[in-house]
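Report on the structure
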Amino acid sequence: MTGTPHEHEHQREPGSGMPPLPGPAEETGPPPPMTIIGGPAAQDSPSWRADPAPPASYGSSQPAAYGTNAPALPPLHLNGFFSSVKRGGRWEVPPVIQLSQGFSEVAIDLREAIITSPVVEVRVYAGFSSCKIIIPPGVQVEWTGGTSLFSEEKADPPREQDPNMWRLKVTHNGAFNEVKVQTLGIGEKPPKWWKKLG
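So, a few notes on the structure that sits alongside this text. (Residues numbered from 1 in each chain as written. Predicted model: local features only at pLDDT ≥ 70, side-chain atom pairs only at ≥ 80, totals over all residues. Heavy atoms only, no water.)

1. Regarding the overall build of the protein
Where we set the bar: Every helix listed is a DSSP run of H or I at least four residues long, and every strand listed is a run of E at least two residues long, numbered separately from the N terminus. When accessible area is computed with a 1.4 Å probe and restricted to protein chains, residues below 20% of their type maximum are described as buried, those above 50% as exposed, and intermediate ones as partly exposed. We call two residues in contact when some of their heavy atoms are within 4.5 Å. Methods summary: accessible areas were calculated by the Shrake-Rupley approach with a probe of 1.4 Å, and residue burial reflects only the protein chains presented.
Counting its regular elements, the protein contains three helices and 13 strands. Expressed as a percentage of the 198 residues in the protein, the buried residues total 30%. Taking all contacts inside the protein whose residues are at least 6 apart in sequence as the whole, residues at least 24 apart take part in 65%. Carbon and sulfur atoms form 58% of the exposed surface of the protein, whose accessible area is close to 13400 Å².

2. Some words on the pattern of salt bridges
Here is the rule we go by: Salt bridge, as applied in this entry: a Lys or Arg side-chain nitrogen positioned within 4 Å of an Asp or Glu carboxyl oxygen.
For the structure on display, the rule yields five salt bridges. In this structure, Arg123 and Glu121 form a salt bridge, with 3.2 Å as the shortest nitrogen-oxygen distance. The residue Lys154 makes a salt bridge to Glu178 at a minimum N-O spacing of 3.5 Å. Separated by 24 residues along the polypeptide, Lys154 in strand β11 (residues 152-155) and Glu178 in strand β13 (residues 178-183) bring together distant segments of the chain.

3. Topic: unusual backbone geometry
The residue Phe82 is not glycine, and still its phi comes out positive at about 55 degrees. Note that Phe82 resides in the loop between β1 (76-81) and β2 (84-87). Although it is not a glycine, Phe150 sits at a positive phi angle of roughly 50 degrees. Here Phe150 lies in the loop between β10 (148-149) and β11.

4. Some points on the packing of aromatic side chains
Here is the rule we go by: Under the pairing criterion, centres of Phe, Tyr and Trp rings, with the six-membered ring standing for Trp, must be within 6.5 Å; the plane angle then separates stacked pairs below 30 degrees from edge-to-face pairs above 60, leaving the rest tilted.
Summed over the entire model, instances satisfying the criterion amount to four aromatic pairs. Ring centres 4.9 Å apart and planes at 0 degrees place the aromatic pair Phe103 and Phe128 in the stacked group. Linking Phe103 in the loop between β4 (96-102) and β5 (105-109) with Phe128 in the loop between β7 (119-127) and β8 (130-135), this pair joins segments that are 25 residues apart in sequence. For Phe103, a relative accessible area of 46% corresponds to the partly exposed category. When the centroid spacing of 5.2 Å and the interplanar angle of 15 degrees are considered together, the rings of Phe150 and Phe176 count as stacked. Linking Phe150 in the loop between β10 and β11 with Phe176 in the loop between β12 (167-175) and β13, this pair joins segments that are 26 residues apart in sequence. Classification of Phe150 by relative accessible area gives exposed; the value is 64%.

5. Regarding the sheet that holds β8
Note the threshold: A pair of strands is considered paired only if DSSP assigns at least 2 bridges between the two. Axes, fitted as lines to C-alpha atoms, cover a helix only where it is in contact. Angles between the N-to-C directions of the axes lie from 0 to 180 degrees.
Across the sheet, five strands lie side by side as β2-β5-β8-β13-β11; this open sheet has parallel pairing. This sheet does not close on itself; its edge strands, each paired only once, are β2 and β11. Here the average twist between neighbouring strands, direction ignored, is 5 degrees. Bridge count between β2 and β5: four bridges; the pairing is parallel. Across the sheet, Ser84 pairs through a bridge with Glu105, a residue of β5.

6. Digging into the nonpolar core
Which entries qualify depends on this criterion: We call a set of buried residues a nonpolar core when its members are Ala, Val, Leu, Ile, Met, Phe, Trp, Tyr or Cys and they connect through side-chain atoms within 4.5 Å of each other.
Formed by 25 residues in total, the largest nonpolar core has its most connected members in Ile97, Leu99, Leu110, Ile133, Trp166 and Leu168. Elements with a contribution of two residues or more to this core: β4, β5, β7, β8, β12 and β13. Among the elements that make up this core, the one with the highest residue count is β7 (four residues). Ignoring anything within four residues of it in the chain, the contact list for Ile97 reads Leu76, Leu78, Trp91, Ile108, Val120, Glu121, Val122 and Arg123.

7. Considerations on the side chain of Gln182
By the element assignment, Gln182 lies in strand β13. Look past the residues within four positions of Gln182 in its chain and what remains in contact with it is Lys132, Ile133, Ile134, Ile135, Asp156, Pro190 and Pro191.

8. Re the environment of Arg123
Structurally, the position occupied by Arg123 is in strand β7. With relative accessibility at 28%, the residue Arg123 sits in the partly exposed group. Distance in space between the C-alpha atoms of Arg123 and Thr171 is 4.8 Å, their sequence separation being 48 residues. Those residues in contact with Arg123 that sit more than four places away from it in its chain are Val96, Ile97, Gln98, Leu99 and Thr171.

Read these as layout, nothing more, since geometry by itself doesn't imply function.
Okay, here's the thing in structure tokens:
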């Protein structure tokens, strides 16, 4: 008998009852083609190809953080009792700001804020407190309904209003409070109290 044992294994007869063993050619053949299951590649998706158009800024010098089709920011609740609460600089302003104050001082500066809606409403619920809201020139101020007792509500004389700017609505409910809206340019300091006497 000639040849190696492996060669005799590859030469088994078809009727021997045993399946043929794979030969060298079958072991080194090309791999089967790969099938990709799923949708297109990530770079073909619409959200990857193009960025959405930038949203409107509602007249603010800072770009708005959300477009008109995006959900509005939830109301901002600022609660303070026997406290001093301040907000200013660059910060995102939701459509509604609610202040709940007692024996407190609140200052909200909207001059450099990112305005995300055409109307900003400030709702004041306070007692024995003061609230000052600073807005940039061109913003229209509207005093809406509310109930106040032994309180003072005032705003600076209106300057020239810009129809492209956002609007401010103020609602005051409380007693023994002072609610003031002041118009100042960015970086402008409020006038000293003695200058108002002249």
